[in-house]
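If you want the building blocks of each chain, they are given just below.
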Amino acid sequence: MLEHDNLHVQSRRNPEEIRRLHQIKPIVTVLEQRIALYDSIESLKELNKRDGQDEEIKEMVKEEAAIYLKRIKEIDGELESVLLEPKLTDGGILLEVTAGAGGQEAMLFARELFDLYKAYCEYKDWQVDVASIEKSDIGGIRKGSMLVAGYGAPEYMKVESGVHRVQRIPATEKGGRIHTSTVSVAVLPQATDIEINIADRDLNIETKRASGAGGQHVNTTDSAVRITHLPTGTVVECQEGRSQIKNREIAMQKLKTLLLQKQEEAQISKINKERKLQIGSSNRNEKIRTYNYPQDRVTEHREGGGTTHSLKTFMQGGEQLETLQESLLRHQQYQALMADINELINKNKTETAKS
């Protein structure tokens, strides 16, 4: 509240201060209502202590106090909702879906998961560009990547990183046995032009005809783009679009994202050499979610998740996935808030002990 007052009285504020003011204003508004309610309750207590009050006034005080207490519970609910509201940003990510254990069945599910995310991005009105797809022989994918940009995309999609497990009877299974396969999802922050500067002399750009199905267009147009970053040897390709210019833009954005990841990995390695941390992949070795087809349910294994029924609807990439992600984000916000509170308590204890 002190921070809000200080920012509010400033005649001129920079963009960061304006953002912060808008961020904390809803919290302060609820806190002010809460304080006003407590003041009203204290006034009632003082009124109730006075001698000579008749029973009618005492009953009125009791009824009014009950109304205030009920409102405080409502206010506390509103305060919790405001505090746990996910902090969203307008940005972009590179999402990669890779088939894991399970052979062709894992590749088929990788395709379904890739389609799920593409549909979800359209549901959220985010911009989505397919960067690359490595298809398998029977319609699945070994690996697919897409660039996603929009309000909330970095935060919502970050919770998808990790190992996704599917349990179902494959179409090729004659004995009716349930197979378990895995698909890995990685979510990397997209680089901005400010974060990554790439000199033209460091690039080798090649164009070629796209390979695979696609009719006459594929066979006659050099739309596929392959870019090699010479200093690092990083290679990216894009042949999903029909426009060479568009494919080049997508390939460049993917290259920038991968180079940003390499930079961040190098920085972290310096800080902590013993732990080979990798940005955006802390959950890859954990099964974060299970898609159980025989029981028609999706089980989120992380705290704040739960079980969602109607798997077919979930795989359409709409409201059910959004609700699950919001629940996970709110739980993350709760954990961060409790960590801040505990830190403040310990700090106060230390200062009290010193004094």
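- The name given to the chain in an unreviewed UniProt entry is Mitochondrial translational release factor 1, with the source organism recorded as Danaus plexippus plexippus.
- According to the UniProt record, the Sequence similarities (unreviewed entry) comment for the chain reads "Belongs to the prokaryotic/mitochondrial release factor family."

1. Digging into the overall build of the chain
Turning to step 1, where the next piece is worked out: Counting secondary structure elements, the chain contains nine helices and eleven strands.
Turning to step 2, where the next piece is worked out: A buried classification covers 37% of the 355 residues belonging to the chain.
Turning to step 3, where the next piece is worked out: Expressed as a percentage of contacts within the chain between residues at least 6 apart in sequence, the contacts between residues at least 24 apart total 62%.
Turning to step 4, where the next piece is worked out: A total accessible area of about 21,300 Å² is found for the chain, and carbon and sulfur atoms account for 49% of it.

2. So, the nonpolar core
Turning to step 1, where the next piece is worked out: Of all hydrophobic cores here, the largest spans 35 residues; its most connected members are L95, V97, L113, Y117 and Y291.
Turning to step 2, where the next piece is worked out: Among the elements of the structure, β1 (90-99), α4 (103-123), β2 (127-135), β3 (141-151), α5 (153-158), β5 (179-189), α8 (311-314) and α9 (319-354) are those that each provide at least two residues to this core.
Turning to step 3, where the next piece is worked out: Ranked by residues supplied to this core, first place goes to α4 with eight residues.
Turning to step 4, where the next piece is worked out: Apart from residues no more than four positions distant in its own chain, L113 is found in contact with V97, H164, V183, V185, Y291 and M315.
Turning to step 5, where the next piece is worked out: Membership of the second largest hydrophobic core comes to 16 residues, among which are A131, V225, A251 and L255.

3. Details of the layout of surface pockets
Turning to step 1, where the next piece is worked out: For the largest pocket, the calculated volume is near 720 Å³.
Turning to step 2, where the next piece is worked out: If you trace the largest pocket, you find 24 residues lining it, with R20, Q23, I24, I27 and K87 closest to the centre.
Turning to step 3, where the next piece is worked out: With nine residues, the single largest contributor to the lining of the largest pocket is helix α2 (residues 15-49).
Turning to step 4, where the next piece is worked out: Each residue belonging to the lining of the largest pocket can be placed in one class, and the counts come to 13 nonpolar, five polar and six charged.
Turning to step 5, where the next piece is worked out: Mapping the lining of the largest pocket onto the domain boundaries places at least three of its residues in each of domain 1 (1-85) and domain 2 (90-190 + 286-337).

4. Considering the pattern of salt bridges
Turning to step 1, where the next piece is worked out: Using the criterion set out here, one finds 17 salt bridges in the structure.
Turning to step 2, where the next piece is worked out: Close ionic contact of E122 with K118 constitutes a salt bridge, the shortest N to O distance being 3.5 Å. Of this pair, E122 and K118 both sit in helix α4, four residues apart, which is roughly one turn of the helix.
Turning to step 3, where the next piece is worked out: On the basis of relative accessibility, which here comes to 47%, the residue E122 falls in the partly exposed class.
Turning to step 4, where the next piece is worked out: Residues R226 and E237 are paired through a salt bridge, measuring 2.6 Å at the closest nitrogen-oxygen approach. Of this pair, R226 sits in strand β7 (residues 224-229) while E237 sits in strand β8 (residues 234-238), and the two are eleven residues apart along the sequence.
Turning to step 5, where the next piece is worked out: Each member of the salt-bridge network shares a partner with another, and the members are E160, R289, E300 and R302.

5. Some words on the pairing of strand β9 (residues 287-292)
Turning to step 1, where the next piece is worked out: Within β9, five of the six residues are buried, leaving the element largely enclosed by the surrounding structure.
Turning to step 2, where the next piece is worked out: Relative to β9, strand β4 (residues 162-168) is paired through five bridges, and the arrangement is parallel. Bridge pairing in β9 places V166 opposite Y291.
Turning to step 3, where the next piece is worked out: The hairpin formed by β9 and strand β10 (residues 297-300) contains four residues between the paired strands, and D296 there has a positive phi angle of roughly 55 degrees.

6. Re the sheet that holds β5
Turning to step 1, where the next piece is worked out: Taken together, eight strands build an open sheet; the order of strands is β2-β3-β1-β5-β4-β9-β10-β11 and the sheet is mixed. Only two strands of the sheet have a single neighbouring strand rather than two, namely β2 and β11 (306-309). Geometrically, the sheet is characterised by an average inter-axis angle of 20 degrees between neighbouring strands, direction not taken into account.
Turning to step 2, where the next piece is worked out: Bridge count for β4 against β5 is seven bridges, and the pairing is antiparallel. Each residue of the ladder has a partner; that of G162, found in β5, is V185.
Turning to step 3, where the next piece is worked out: Taken strand by strand, α4 contacts β1, β2, β3, β4, β5 and β9, and its axis lies near 15 degrees from that of β3.
Turning to step 4, where the next piece is worked out: Strand contacts of α9: β9, β10 and β11, with the helix running at about 155 degrees to β9, the strand carrying the most contacts.

The rules behind each value
- Residues numbered from 1 in each chain as written.
- Predicted model: local features only at pLDDT ≥ 70, side-chain atom pairs only at ≥ 80, totals over all residues.
- Heavy atoms only, no water.
- UniProt positions renumbered as here; feature names shortened; annotations may be inferred.
- Helix = DSSP H or I, 4+ residues; strand = E, 2+ residues; numbered from the N terminus.
- Buried < 20%, exposed > 50% of the residue type's maximum accessible area, 1.4 Å probe, protein only.
- Contact = heavy atoms within 4.5 Å.
- Areas by Shrake-Rupley, 256 points an atom, 1.4 Å probe, with all protein chains shown as cover.
- Core = buried A, V, L, I, M, F, W, Y, C linked by side-chain atoms within 4.5 Å.
- 1 Å grid on protein atoms, 1.4 Å probe; cavity = no way out; pocket = protein on both sides within 12 Å on 5 of 7 lines; lining within 4 Å.
- Points joined across faces, edges and corners; volume = space filled by probe spheres on them.
- Nonpolar A, V, L, I, M, F, W, Y, C, P; charged D, E, K, R; others polar.
- Domains from an automatic or database assignment.
- Salt bridge = Lys/Arg side-chain N within 4 Å of Asp/Glu carboxyl O.
- Pairing = 2+ DSSP bridges.
- Axes fitted to C-alpha atoms, helices over the stretch in contact; angles between N-to-C directions.

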